[in-house]
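Residue-level structure breakdown
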Amino acid sequence: MLRKIGMLTSGGDSPGMNAAIRAITRTALANGIEVVGIRDGYKGLVEGWYVPFERSSVSETIASGGTILGSARLPEFKNEDVLMKGVNRLKEYGIDALVVIGGDGTYRGADALTKHGVNCIALPGTIDNDIEGTDYTIGFDTALNTVVECVDKLRDTSNSHHRCSVVEVMGNHCGDLAIYSGISCGAEILITPETGYDEEAVLEKLRYLENQGKKHAIVIVSEKVCDVKALADKVSVATGFAGRATILGHIQRGGSPSPSDRVLASRMGAKAVELLVAGVGGHCVAIRNNEIISMPIEECVSMPRSNRKAFYRLFDRLV
Ligand code: ATP
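Every value quoted in this text rests on a predicted model; they were computed, and no experiment measured them.

Given a rise of 1.5 Å per residue, 14 residues ought to cover 20 Å, and the 20 Å separating the end C-alpha atoms of helix H1 (residues 17-30) matches this to within 8%. In terms of burial, H1 is largely enclosed, as ten of its 14 residues are buried. Lining the buried residues of H1 we find strand E1 (4-9), strand E2 (34-38), strand E3 (50-53), strand E4 (97-102), strand E5 (119-124) and helix H9 (259-277). In the stretch just after H1, Gly32 is the one whose phi turns positive, near 75°.

Quick look at the structure:
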């Protein structure tokens, strides 16, 4: 019998987490289940930073970015003694099950808790879209909108000054923000974990575009693949374009969630509670072909990265 559930956000925050918290709270309350918000991820879980949630606790939150629960990282949660402290703390507060929202590290924590007797459901909350098994993660669409808005503005100014804008976007070893924004903004060159980085090939392509009469160029680069400042300097030296680097940084994590993210988070939050009510634990929620599904966390974290070749072919065809 499920009487009380906890919920937390962990790892990097993403827009739409609040919409998920709202959906979890209201779906649980509608099922006669008490809800407890746990502050600051697994750290708060272990420390006992628990706040009872009512229907009104999530009023006026659907449009706000970030997470009203706060987030934190607690690397020690991998250790058995710290994990058990968390399990015992949950028991002490009468919490039977948990919904966590975060990235793959958060997923592993939820799997470990389930194996120690606390049923957990994990929701994909990250702007990077780097969780396998789901077409989209909560926050990706909003971050993509932010990137596109920024790159469109850079294009206006680089057009007027014969510039090449080298723009670094987030992604945490996943090229999705780069490829989706590259297609959306009509970028000229993409550098992602999938494409790899060949400096000479990039410069050669820019010289070719210049000879074709291009007045400006946009190069979109996934973080952690190359140094965008060094590349922009090289562009100024080795091509006719003036290279300018822009690192979009944490601006990509902020802002009001897009309607798509609000709907996705609401559907996933409701599904999480339905799964717990059905006695399921150790699963993560995903969207595939517009259907909300779930699968074992173990299966999800060991899935190979899905192929994005069709996106890259499309990008190349449109330059
Ligand atoms: P992001 O994608 O934004 O980095 P994330 O959820 O992957 O999000 P992590 O810092 O990797 O972020 O993980 C969040 C927290 O999950 C960690 O601080 C830790 O408390 C817990 N965690 C990570 N890996 C494990 C694990 N193997 N076992 C138990 N807990 C874990």
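With mixed pairing, the seven strands of this open sheet are ordered in space as E3-E2-E1-E4-E5-E10-E11. Unpaired on one side and paired on the other, E3 and strand E11 (291-296) mark the two borders of the sheet. Sheet twist, expressed as the mean angle between neighbouring strand axes with direction ignored, is 30°. The pairing of E5 with strand E10 (residues 283-288) spans two bridges and is classified as parallel. By the bridge assignment, Ile121 is partnered in E10 with His283. Running over the sheet, H1 touches E1, E2, E3, E4 and E5 and is turned about 180° from E1.

Cut-offs and rules
Each residue is numbered by its place in its chain's sequence as written, counting from 1. Where local features are concerned, this predicted model is filtered to residues with pLDDT of at least 70; where side-chain atom pairs are given and counted, the filter is 80 or more; whole-chain, interface and lining totals use all residues. Hydrogens and water are ignored here; the side-chain numbers use all heavy atoms of the structure. Secondary structure follows DSSP: runs of H or I at least 4 residues long count as helices, runs of E at least 2 residues long count as strands, and numbering of each begins at the N terminus. Take the residue count of a helix, subtract one, and multiply by 1.5 Å to get its expected span. Working definition: with a 1.4 Å probe on protein chains only, accessible area under 20% of the residue-type maximum means buried, over 50% means exposed, and in between means partly exposed. Throughout, a residue-residue contact means that at least one pair of heavy atoms, one from each residue, lies within 4.5 Å. A pair of strands is labelled paired if DSSP reports no fewer than 2 bridges between them. Orientation is described by lines fitted to C-alpha atoms, with helices fitted over the stretch in contact, and by angles between N-to-C directions that extend from 0 to 180 degrees.

From the geometry alone we can't say anything about function, so treat these as descriptive.
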